[in-house]
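Tertiary structure, described
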Amino acid sequence: MKTIVLVDDEQRMLDLLELYIKPHGYTCLKMKSGHEALQFLAHEHADIVLLDVMMPEIDGWETCERIRAFSSIPIIMLTARDAAQEMVKGLKKGADDYITKPFHEDVLLARIEAVTRRVHNQDDSLTFRGLKLNESAYEAHYDTKTIPFTPKEFSLLCLFLKSPDQVYSRDHLLSTIWGFKTDTEDRTIDSHIRNIREKLRHAGFPADQHLKTVWGIGYKWSSVD
């Protein structure tokens, strides 16, 4: 069974999430603060985090950012706010997805499954000019540096490296990596691409030479300098 960490300061919401999720093969660990979740995740294994944004003391954005400092565990943020800038803020902090309340049970479960989906190939290593991705371990390295990609960022980069020079539309990336499409998720792709570029640059890899924007269509990984 997969272990899912539920983080919300409202007991009613924690109980409701468990009611939705537990019958589908998940062990639910309910936590009422970001501090509690951080302490647990620093020492214990879990498969995914559902993280409320509006919490006292330490909010969901800060909690997400702190988790990302030491873990690539998938994170879905839950919030009553539906403004685009709120979603982008969560993604920039390292979240893999963003769901607004109220939400439908089936949508929540579909997003959990999409975020936790893993693709395993017999040859699980991808290399490109010093950049190495290990798919089974979800690890990325450039020369001797480790690059802390989120699971979604890692999956996008693997897709690009497997088919260099192929142009991918945003719709194709959404259906392939996320498994579905909503009205706001074009921005999700753009935010993840920005994060990938920033992390590659920080590691010293020439991201702008290879991860290209194809205006009006989407993105591609160029094999040419």
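Our subject is the structure that appears above.
My aim in this report is to walk through the structure given alongside it, one point at a time.

**Quick notes on the nonpolar core**
Grouped together as the largest cluster of nonpolar side chains are 31 residues, with contacts concentrated most on Leu131, Leu133, Phe160, Leu200 and Trp221. Elements that contribute at least two residues to this core include exactly strand 6 (125–128), strand 7 (131–134), strand 8 (139–142), helix 6 (151–162), helix 7 (170–178), helix 8 (185–202) and strand 12 (218–221). Counting 23 residues, the second largest nonpolar core, distinct from the first, contains Val49, Met87, Val88 and Tyr98.

**Overview of unusual backbone geometry**
Between Lys101 and the following residue, Pro102, the backbone shows a cis peptide bond with an omega angle of -5°. Mapped onto the secondary structure, Pro102 falls in the loop between strand 5 (97–100) and helix 5 (105–116). With a phi close to 50°, Arg129 is a non-glycine residue in the positive phi region. By secondary structure assignment, the location of Arg129 is in the loop between strand 6 and strand 7. Exposure remark for Arg129: the relative accessible area of 46% places this residue in the partly exposed category.

**Some points on the pattern of salt bridges**
This structure, assessed with the given rule, holds 12 salt bridges. In this structure, the salt-bridge partner of Asp8 is Lys101, at a minimum N-O distance of 3.2 Å. A residue pair is termed long-range when its members are at least 10 positions apart, and Asp8 in the loop between strand 1 (2–7) and helix 1 (11–21) and Lys101 in the loop between strand 5 and helix 5 qualify at 93 residues. Residue classification places Asp8 among the buried residues on the basis of a relative accessible area of 1%. A salt bridge links Lys30 to Glu18; the shortest N-O distance between them is 2.9 Å. Of the two residues, Lys30 is situated in strand 2 (residues 26–31) and Glu18 in helix 1; the sequence distance between them amounts to 12 residues. Owing to a relative accessible area of 31%, Lys30 belongs among the partly exposed residues under this scheme.

Rules used in this analysis
- Residues numbered from 1 in each chain as written.
- Predicted model: local features only at pLDDT ≥ 70, side-chain atom pairs only at ≥ 80, totals over all residues.
- Heavy atoms only, no water.
- Core = buried A, V, L, I, M, F, W, Y, C linked by side-chain atoms within 4.5 Å.
- Buried < 20%, exposed > 50% of the residue type's maximum accessible area, 1.4 Å probe, protein only.
- Helix = DSSP H or I, 4+ residues; strand = E, 2+ residues; numbered from the N terminus.
- Salt bridge = Lys/Arg side-chain N within 4 Å of Asp/Glu carboxyl O.

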